[in-house]
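Okay, here's what each chain looks like letter by letter:
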Amino acid sequence: MDRLNLNRRRLLASALPIMAAPLLPACGPGKPRHELVIANWGGDAVPAYEAAYGEPYTRDTGVDVIVDGSGPLPGRIKAMVESGQVEWDLCDSQIFAAMSLGKEGLLAPIDYNLVDKAKVPEGNALPYGVGSFTASLVIAWNTEVFGDNGPKHVTDIFDLKRFPGKRGLYSGMQGTAEYALLADGVPLEKLYPLDLPRAVRKVKSLGDSVVFWSRDAEVQRHMMQGELALAIMGSTRAEVASRQSQGRIKYSFNGAQRHNGTWIIPKGNPAGAEEASRFIASTQDPKRQLEAFMRLSLGPVNPEANAMVPPELRHANPNDPSNLPVQWERNEIWYAENYVRETARFKDLLV
Amino acid sequence: MATLELTAAPAIARRGRAFDSNWLLIAPLLLGLLLLFLLPMLRIFTVSVTDPVVGLGNYQLLFSSPSLRGMVWTTVSLSFTTTVVALFLGYILAYTMIHVRETHQVVMMTLLVFAMWVSVLIRAFSWVVVLGDQGLLNTWLMSAGLIDRPLSILFTPTAVVIGMVHYMIPIATLPLFTVMRDIDPRLSQAARSLGANPFVTFGRVFFPLSMPGLISSGILVFIFSFGFYITPTILGGGRRTMIAEYISRNVLELPRWGVASMCAVVLLVVTFALLALLGRVANVRQMFGGRL
């Protein structure tokens, strides 16, 4: 005590700034926060979003862009908005979620004075969401296991005889239920409403060879490590895994379900809805979308960007004219109306 | 003890017997617990009986929904298996520790406690590396010519049990060690001198005396296993879910907070019930090496 010479007055004096710190922002003039937080699904998507969208935006506006890869699950958005503790300004979501979360009053409307409706495909300019990229749920496989005789169609994931080994399926309905029904003989035009008990019976016929994944980064890692022989996974991650494994992992768009990622703004986001819309507008720049495609194989939504894809990479673009005819589009309206109830039912049936 | 009471006495006398000023010291902690722990807990309970509709509907699901019954069964059976295996291994470890030289004992204890400090996440991912189809175990077994195709362990309940047992061994061993250390070695010697062979000595003398440790370790490990989240999620492959993962899914993915809150309340009640049981059969303070 003596050596420190810490009497009560000194101690109080030194503690004062600490005690006053929480009050400081309140006394200064109301300065806007110069930072935008974007929530996406992690792994390679973090540096890709930073480079393609974040850094150019910071250069243009001086606003720092932070990418949080912890996954903007609907439950987390709901918890944040309802508790008034919103941490994210923008989330990488999906069309049906933009519809249903918007209807629940959890999202801020998109400002179409800033965002250009003409730069997204039809049906992608929603009151509470804007299309951000295209991805498909493709079938990917390990060529060390299957050689040149890999799967030819997404429904091959259900063919245990020809394609034995552990296989990855998404733990929710998307892709898993549809492909199960297609494999079971349901025609494409009669898929919706999804017959979940039938789909689950088909999934269960695979027994212990199924591994359910919940995150893109998760199935990507399992494929890279060779823990899965084949998997249904996002085309974005399949392409990245294929590049990183020098072609050991291959994938096919044949029969794949196509869907568009969507920007959504949680209601009460820290930087304000206008700033968030301004950022969305900046991501409509074809050069930036091309950069996102080059890094993470995010299929561009802006038609101008699709035209700019170099020929040697066209095979990886879900929107490429050669890939479009073999794919089909998810019924977003059915999902928007039924997602929560039917996903709960699907997961309950699966257990 | 006596000196402490003597010095504390005048303070109590001054402020009056009704109020012990020592409570003031922990008042911030109690207040914090009330605000940050008890109130939110009350809210969780409220959600469990009000979301989506008021009533006990969520609790009814526990009996009526096959998937919830399946989840509960998975949780109970995996926790039980983990407990049995961890107790068996922990018993051997504790038994060895009380019989080796003191320097060895210190080394073993250090390693055991050290293992507890390694992040549970890192341990779970390490098991992925070991147990995978292309993992260490399968690679070794295949290169040794013992198997032709990889054993399918990862993403099965077996992998979950292995991962959980690994985590639980220190928790099982320490209470057992404390109880065994206090068993008078002369009792076993006496049994031997009266003609009992080593097996009878162990079975009739040592084992019954170590029973309190076995029971308290067992309850403790079961409590930890019951609410385990990370290891089952990473090693389980998502086919069979335990209660903690089920809660997380219902909170984050669906969101179906009524069911999630109901499961959280069930988890809490089971844990408290087991703790109460533990309090009846064992001296909790002594279990962790504290002396009265």
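Residues numbered from 1 in each chain as written. Chains lettered and ligands numbered in written order. Predicted model: local features only at pLDDT ≥ 70, side-chain atom pairs only at ≥ 80, totals over all residues. Heavy atoms only, no water.

Remarks on the side chain of Gln284 of chain A
Residues and elements named next belong to chain A.
Item 1. With respect to the helices, strands and loops of the structure, Gln284 is situated in the loop between helix H11 (273-282) and helix H12 (286-296).
Item 2. Within the structure, Gln284 has its side chain in polar contact with the backbone nitrogen of Asp116 (distance 2.9 Å).
Item 3. Among all residues touching Gln284, those that are not within four sequence positions of it are Val115, Asp116, Lys119, Val120, Val130, Gln289 and Asn302. (Helix = DSSP H or I, 4+ residues; strand = E, 2+ residues; numbered from the N terminus. Polar contact = N/O pair within 3.5 Å; in protein donor to acceptor, adjacent residues only side chain to side chain. Contact = heavy atoms within 4.5 Å.)

Some words on the interface of chain B and chain A
Item 1. Between chain B and chain A, the contact holds 27 residues from the first and 27 residues from the second.
Item 2. Of the roughly 2400 Å² buried between chain B and chain A, counting both surfaces, carbon and sulfur atoms make up 56%.
Item 3. On the chain B side of the contact with chain A, Arg239, Glu253 and Leu254 of chain B bury the most area, a combined 27% of that side's loss.
Item 4. Applying the counting criterion to the chain B and chain A interface returns four salt bridges.
Item 5. When the shortest N-O distance is used, the salt bridge between Lys166 of chain A and Asp133 of chain B registers 3.3 Å.
Item 6. At the surface where chain B touches chain A, the tally comes to 11 residue pairs in polar contact (both at pLDDT 80 or more).
Item 7. Looking at the side of chain B that touches chain A, the elements with two or more residues in it are helix H4 (66-99), helix H6 (120-131) and helix H12 (243-252) of chain B.
Item 8. At four residues, the largest contribution of residues to the side of chain B that touches chain A is made by H12 of chain B.
Item 9. For the side of chain B that touches chain A, the per-class residue count stands at 12 nonpolar, nine polar and six charged. (Buried area = accessible area lost by both parts, 1.4 Å probe. Salt bridge = Lys/Arg side-chain N within 4 Å of Asp/Glu carboxyl O. Nonpolar A, V, L, I, M, F, W, Y, C, P; charged D, E, K, R; others polar.)

Re the packing of helix H7 (residues 176-183) of chain A against helix H8 (residues 196-204) of chain A
Residues and elements named next belong to chain A.
Item 1. In contact at an axis separation of 8 Å, H7 and H8 are set at 80° when each is read in the N-to-C sense. By the angle between their axes, H7 is roughly perpendicular relative to H8. Contacts between H7 and H8 pair Thr176, Ala177, Ala180, Leu181 and Ala183 from the former with Leu196, Arg198, Ala199, Lys202 and Val203 from the latter.
Item 2. Among the residues making up the contact of H7 with H8, the classes are represented as seven nonpolar, one polar and two charged. (Axes fitted to C-alpha atoms, helices over the stretch in contact; angles between N-to-C directions. Parallel < 35°, antiparallel > 145°, perpendicular 65-115°, else oblique.)

Thoughts on unusual backbone geometry
Leaving glycine aside, a negative phi is the common case for residues, and trans is the common case for peptide bonds.
Item 1. Along the chain, Tyr192 of chain A connects to Pro193 of chain A via a cis peptide bond; the corresponding omega equals -5°.
Item 2. Tracing the backbone shows Pro193 of chain A in the loop between H7 and H8.
Item 3. Note the cis peptide between Asp51 of chain B and Pro52 of chain B, where omega equals 0°.
Item 4. Within the secondary structure layout, Pro52 of chain B lies in the loop between helix H2 (22-50) and helix H3 (57-64).
Item 5. You will see that Ser297 of chain A, though not glycine, has its phi angle at about 60°, which is positive.
Item 6. Within the secondary structure, Ser297 of chain A sits in the loop between H12 and helix H13 (303-308).

So, the nonpolar core
Item 1. One finds Leu169, Met173, Tyr179 and Leu194 of chain A together with Cys263 of chain B to be the most contacted residues of the largest nonpolar core, which totals 128 residues.
Item 2. Excluding residues within four positions of it along the chain, Leu169 of chain A makes contact with Ile157, Phe158, Thr176, Val203, Leu206, Val210, Val211, Phe212, Trp213 and Ile232 of chain A.
Item 3. In terms of nonpolar packing, the next biggest core, distinct from the first, is built from 30 residues, Tyr53, Val63, Leu296 and Val301 of chain A among them. (Core = buried A, V, L, I, M, F, W, Y, C linked by side-chain atoms within 4.5 Å. Buried < 20%, exposed > 50% of the residue type's maximum accessible area, 1.4 Å probe, protein only.)

Focus on the confidence of the model for chain A
Item 1. Per-residue confidence for chain A gives a mean pLDDT of 90; residues scoring 70 or more make up 91%.
Item 2. Low pLDDT (under 50) marks residues 16-31 of chain A, which in the prediction has zero contacts with non-local residues, meaning those over four places away or in another chain. (pLDDT = per-residue confidence, 0-100.)

Comments concerning the packing of aromatic side chains
Item 1. Under the criterion given, the structure shown has 23 aromatic pairs over all chains.
Item 2. Note on Trp334 of chain A and Tyr335 of chain A: the rings are 5.3 Å apart at their centroids and 90° apart in plane angle, and the pair reads as edge-to-face.
Item 3. Taking relative accessible area as the criterion, Trp334 of chain A reaches 10% and is therefore assigned buried.
Item 4. Grouped by ring-pair contacts, the aromatic residues Tyr49, Tyr53, Tyr57, Trp263 and Phe279 of chain A constitute a single cluster.
Item 5. One Lys or Arg, Lys78 of chain A, reaches over the ring of Trp257 of chain B and ends 4.9 Å from the middle of that ring.
Item 6. The ring of Tyr112 of chain A carries Lys117 of chain A above its face, with NZ or CZ at 4.7 Å from the centroid. (Phe/Tyr/Trp six-rings, centres within 6.5 Å; stacked < 30°, edge-to-face > 60°. Lys NZ or Arg CZ within 6 Å of the ring centre and 35° of its normal.)

Remarks on the pairing of strand S5 (residues 129-142) of chain A
All names here are of chain A.
Item 1. Across the 14 residues that make up S5, a large majority, 14, are buried.
Item 2. Inspection of the sheet shows strand S4 (residues 125-126) paired to S5 by two bridges, in the antiparallel sense. Residue pairing across strands places Ala125 opposite Val130, the latter belonging to S5.
Item 3. Pairing geometry for S5 and strand S8 (residues 230-234), over five bridges, is antiparallel. Across the sheet, residue Trp141 finds its bridge partner in S8, namely Leu230. (Pairing = 2+ DSSP bridges.)

Some details on the side chain of Glu342 of chain A
Item 1. On the secondary structure map, Glu342 of chain A appears in helix H14 (residues 332-350).
Item 2. Among residues more than four places away in sequence, those in contact with Glu342 of chain A are Met173, Leu196 and Trp334 of chain A.

Considering the environment of Pro175 of chain B
Residues and elements named next belong to chain B.
Item 1. The topology assignment puts Pro175 in helix H8 (residues 157-181).
Item 2. The class of Pro175 is buried, set by a relative accessible area of 1%.
Item 3. Taking the C-alpha atoms as reference, Pro175 lies 9.3 Å from Pro212; in sequence the two are 37 residues apart.

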